[in-house]
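# Coordinate inspection notes
Below are the chains, spelled out letter by letter.
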Amino acid sequence: RDYNEKFQYASNCIKTSKYNIVTFLPVNLFEQFQEVANTYFLFLLILQLIPQISSLSWFTTIVPLVLVLTITAVKDATDDYFRHKSDNQVNNRQSQVLINGILQQEQWMNVRVGDIIKLENNQFVAADLLLLSSSEPHGLCYIETAELDGGELGPPLLLSPAQGCEMLPCGPSAPPGEVICETPNNKLDKFSGTLYWKENKYLLSNQNMLLRGCVLRNTEWCFGLVIFAGGGPHGRTKFKRTSIDRLMNTLVLWIFGFLVCMGVILAFGNAIWEYKVGARFQMYLPWDTAVDSAAFSGFLSFWSYIIILNTVVPISLYVSVEVIRLGHSYFINWDKKMYCAKRRTPAEARTTTLNEELGQVEYIFSDKTGTLTQNIMVFSKCSVHGRSYGDVQDMLGHKAELGEPVDFSFNPLADPRFRFWDAGLLAAVQLGNPHVHEFFRLLSLCHTVMSEEKNEGELYYKAQSPDEGALVTAARNFGFVFRARTPKTITVHELGHAITYQLLAILDFNNVRKRMSVIVRNPEGKIRLYCKGADTILLERLHPANLELASITTDHLNEYAGEGLRTLVLAYKDLEEGYYGDWAERLRRASLAPDAREDRLARLYDEVEHDMMLLGATAIEDKLQQGVPETIAILTLANIKIWVLTGDKPETAVNIGYSCKMLTDDMTEVFVVTGHTVLEVREELRKAREKMMDGSRSMGNGFSCQEKLCSSKLTSVLEAIAGEYALVINGHSLAHALEADMELEFLETACACKAVICCRVTPLQKAQVVELVKKYKKAVTLAIGDGANDVSMIKTAHIGVGISGLEGIQAVLAADYSFSQFKFLQRLLLVHGRWSYLRMCKFLCYFFYKNFAFTMVHFWFGFFCGFSAQIGLDTGFWTAINHFFIWGSLAVYFAILFAMHSNGLFQMFPNQFRFVGNAQNTLAQPIVWLTIALTTVVCIMPVVAFRFLKLDLKPELSDTQKAQHRCMRRVGRAGSRRSGYAFSHQEGFGELIMSGKNMRLSSLALSSFATRSSTSWIETLRKKKSGDSSNASSPSCGADKTLKV
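Scoring rules and cut-offs
- Residues numbered from 1 in each chain as written.
- Predicted model: local features only at pLDDT ≥ 70, side-chain atom pairs only at ≥ 80, totals over all residues.
- Heavy atoms only, no water.
- UniProt positions renumbered as here; feature names shortened; annotations may be inferred.
- Pairing = 2+ DSSP bridges.
- Helix = DSSP H or I, 4+ residues; strand = E, 2+ residues; numbered from the N terminus.
- Patch = residues over 30% accessible without salt bridge, like charges linked within 9 Å, V, L, I, M, F, W, Y side chains within 5 Å.
- Areas by Shrake-Rupley, 256 points an atom, 1.4 Å probe, with all protein chains shown as cover.
- Salt bridge = Lys/Arg side-chain N within 4 Å of Asp/Glu carboxyl O.
- Buried < 20%, exposed > 50% of the residue type's maximum accessible area, 1.4 Å probe, protein only.
- pLDDT = per-residue confidence, 0-100.
- Contact = heavy atoms within 4.5 Å.
- Disulfide = S-S within 2.5 Å.
- Core = buried A, V, L, I, M, F, W, Y, C linked by side-chain atoms within 4.5 Å.
- Axes fitted to C-alpha atoms, helices over the stretch in contact; angles between N-to-C directions.
- Phe/Tyr/Trp six-rings, centres within 6.5 Å; stacked < 30°, edge-to-face > 60°.
- Lys NZ or Arg CZ within 6 Å of the ring centre and 35° of its normal.

As named in an unreviewed UniProt entry, the protein chain is Phospholipid-transporting ATPase, taken from Crocodylus porosus. Turning to the protein chain, the UniProt annotation filed under Catalytic activity (unreviewed entry) states: "ATP + H2O + phospholipidSide 1 = ADP + phosphate + phospholipidSide 2." Its UniProt record gives the protein chain the following Cofactor (unreviewed entry) comment, quoted word for word: "Mg(2+)".

Within a sheet, neighbouring strands are paired by backbone hydrogen bonds and run either parallel or antiparallel to one another. What the 6 strands build is an open sheet, ordered β2-β1-β3-β11-β4-β9; its pairing is antiparallel. Each end of this open sheet is capped by a strand with a single partner; those strands are β2 (102-107) and β9 (209-210). Relative to strand β11 (residues 221-228), strand β3 (residues 116-120) runs antiparallel, the two being bridged by 5 bridges. Residue pairing for β11: Lys-118 is matched across the bridge by Phe-223.

A cluster of nonpolar residues, Ile-940, Val-943, Val-944, Phe-948 and Leu-951, forms a patch on the protein surface that exposes about 430 Å² of accessible area. Turning to its location among the elements, Leu-951 is positioned in helix α29 (residues 926-953). Note on Leu-951: relative accessible area 38%, which makes it partly exposed.

The share of residues in the protein chain with pLDDT of 70 or more is 76%, and the mean pLDDT across the chain is 76. Ignoring residues within four places in sequence, the model shows residues 232-237, a span with pLDDT below 50, making 2 contacts including any to other chains.

Our focus in this paragraph is the state of the cysteines. Put plainly, two cysteines are in a disulfide when a covalent bond ties their sulfur atoms together. Applying the stated criterion across every chain, the model contains 0 disulfides. Of the cysteine sulfurs around Cys-531, a residue in no disulfide, the closest is that of Cys-446, at 6.4 Å. Cys-753 forms no disulfide, and the closest cysteine sulfur to it belongs to Cys-751, at a distance of 8.9 Å. In this structure Cys-753 comes out as buried when scored by relative accessible area, which is 1%.

Before going further, it helps to spend a moment on the nonpolar core. By size, the foremost hydrophobic cluster in this structure holds 46 residues, and its most contacted members are Phe-440 and Phe-478. In terms of residues, this core owes the most to one element, helix α11 (residues 434-445), which gives 6 residues. Residues contacting Phe-478, with those up to four places away along its chain left out, are Phe-408, Phe-418, Phe-420, Leu-425, Leu-426, Val-429, Phe-440 and Leu-495.

The subject of this paragraph is the sheet that holds strand β12 (residues 348-349). The mixed open sheet is built from 9 strands, whose spatial order is β12-β31-β30-β29-β13-β25-β28-β27-β26. If you trace the sheet from one side to the other, it starts and ends with β12 and β26 (669-673), each paired once. Relative to strand β28 (residues 755-758), strand β25 (residues 641-645) is paired through 4 bridges, and the arrangement is parallel. Residue pairing in the sheet places Val-644 in a bridge with Ile-757 of β28. Strands in contact with helix α19 (residues 678-693) are β26 and β27 (725-729); relative to β26, the strand with the most contacts, it is inclined by about 170 degrees.

The next subject is the packing of aromatic side chains. Summed over all chains, the structure comprises 28 aromatic pairs. With 5.6 Å between their ring centres and 15 degrees between their planes, Phe-671 and Tyr-725 make a pair best called stacked. Residue Phe-671 is located in strand β26, and its partner Tyr-725 is located in strand β27; the two are separated by 54 residues in the primary sequence. Look at Tyr-725 and you get buried, because its relative accessible area is 5%. Members of the aromatic cluster, joined through ring pairs, are Phe-379, Phe-408, Phe-418, Phe-420, Phe-439, Phe-440, Phe-478 and Phe-480. Arg-476 extends its terminal NZ or CZ atom over the ring of Tyr-461, reaching a point 5.4 Å from the ring centre.

What follows is about the pattern of salt bridges. Enumeration over the complete set of coordinates arrives at 32 salt bridges. Asp-574 is the partner of Lys-526 in a salt bridge, and the nearest nitrogen-oxygen pair spans 3.8 Å. Of the two residues, Lys-526 is situated in the loop between β21 (515-521) and β22 (527-533) and Asp-574 in strand β23 (residues 565-575); the sequence distance between them amounts to 48 residues. Owing to a relative accessible area of 37%, Asp-574 belongs among the partly exposed residues under this scheme. Three or more residues joined by partner-sharing salt bridges are found here, namely Glu-438, Arg-441, Glu-494, Lys-526, Arg-528 and Asp-574.

Shown next as structure tokens:
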């Protein structure tokens, strides 16, 4: 430990949390004030602390601001708490570390590079370890990689027996060793290093490594050397923003600009009013001490109105939106119709920011195997030495209906779940057909399956892929039973006889080679290479003597692929002892090469895998998932285009396309692009466009390629053509189509088709296709897959969906949403996506309407109060009304929502619900402008009507005076300027104000005032007052007086 400490290797303590108790408050506040809205309201709060410009109390801003910051802080603290909890759970796991020759308990966080750790069965691997030895024979070690890729038991991680025995740590006296290896990276399937020990040099590969997070299974104990510590590299997750987010940001900026405009208008109004009118009232309405001019008063008024009208900028908008999104996420998680009882897997919204974007999806990019299909492989058919097996035939050689399955009762080790209906294959095995025997011998030897026998005769196979498991199980039932393996041997029971083959080399499968080979020595000493792989790869590597057999087998392969079956070609090659010895020595030297090791090994693999003899081919059925055809049909009715990106053969993919109703017989034409050069691909795409243009609108002299394509916004008349078309393109043609000078032509052609199927594509090509559509089509994309090869596609799309299937959980971990079956995508998009989008749009409309309604009242009131920045509505009154209407309207809204918006309606009429692009197309709808006009009339007319009716029904003194002057002008009694001036300066209101009486006149006073306009209105009031007093003191006199009149 002391020696390794000086290199300062990474600590094994992982930390995914962002805060601690000391840094939480400052760091979180700093992050929150990165948002413009929060900074804006902090600026408002500072303004409100200036008494010269503030007409609102400071708490009217600080309360909502603190509330918003607190809610966000609580959410961030909660998330970080769970991250701390997860970190502590991992860091405090116990492990046994060999320190000074003694095993001691250490926490994972204290494990260091160079430590030797002992693991026991069912324990997690604490760090990336180099396997030294184990309790199993030959140093085998079994692990479960579920936390890495969701797989089952992986292949054995082992060293050679000599190293496994000698490297057993037995104390401090053990000789020291040194490991030189690559730096830490995120490539789980590759490792390169060298072990120097006892003056010997040993190659280290991925097969010798136990990766952190794996679980030790079926192994009592093992020892490992810590190579890498820490949680490993973590890539930065790209934050996905929705169109609603972008729309809200744009709206907020426009609203802020509108606020500034209102402030400027009112500031100018204040300056003009103070200059024209306010200057005359300086005696009793003097300016503040700091105000020395009308212009400066307008400047202060601008900031005062920015404070008063601040409610037009919604402070709580983002928090409210996040709360709504969180609720929508729970709706998805709680949806019982998206729960898979078989796997006990519910739907999961792994993000809360993309819910409404689900309602805007226009393009779906889907994997095939495990996504559209079940990824449960069944050995269906095979071709052996030119004869096809698997179809039941009658006496005349025609296909017949399936009857009883083949009886495998002769084989006590047969799998009872295996079904095969062609008895001819079993008869060929029992009759000793050498080609059939060699066919199944290859299937029982060329694989990396692990065998486990819990009880006598009960075999359990653990395979890396369902394909391998299906092939080995088929060989098992036909009498070639794989029983056990060691690092150097494979034991097979061939028709009841146990035969052990010496395993000389494994040339493993990868995405580039697309084949796998083993080299074995049989008991007679004969060396043979067995190989299985893709037909496009193996048929090129056959001996020329196989031409006729290869032609027949190719016909069988095309027939199988036409039925949607997954095919593999099988071949073998006998090796001379001398050649193998030379080749093995060159392989050993290449394995120890310090540089370009992978390239050297690939060249040696390619050398030995030539001139092979063809044995036959296998066909495995991968059945469609339940509900896939119906789901695709409904999504197509909703004008959602579906592209399938798969690694299968074009024939297989096309057949699956017909099975799941992506392709139909009613389609006008299905274009297949298979060009090998750039010119061939360009020509095939051009011909496809010309055929689609026939019978449709013409565009000049046919279709012009590059100059008529717009790189900023791709629009084409092809998308409006009549008829339905589909496009099928393979991997090497797609590589040319994705080049910069042809990608627009490919996209133009593909987008005009109803369905697109890309075959033989790599994971990188999947991501490139998605990126191409994102780049040129302003549309929301969704990618769905179930395997690690779909991760790049899922991360590239706007929305990523992972299927929790049999290919692991890497796709789920990288996805935004996850569920167990493809059919749930229908409900996710057409129900939850639509609901979320419509709810969010209606919420935004109501939110902005509410804010504008409240703010415009103050703007309008400014014209009636001399632009003095006074408040038109009492804050306490408005708060109560606000809460009443908000909560009340929410209650009514949700009641109507759940009553009227039934998910069954959309499933019944999917083509009647067009909801794509509502946010952008809203202002283009006449009903929106009609609503604005009606709202304006409804808001203004009551005010205007009230002011006019008040003049007639309940006039005030000033109103009566104005009415009298208008009447006098109509009858021609115009007063002089002097009499008008004198009237306005007669005896004032002092006595009336000091008496405390109301200044409003009664109807008697008004009538008296109207008949005797030459008398002072004060005299009228005095006479009325004395008359009332005399009437009250002597009522009899009053009565007599009245009689005399």
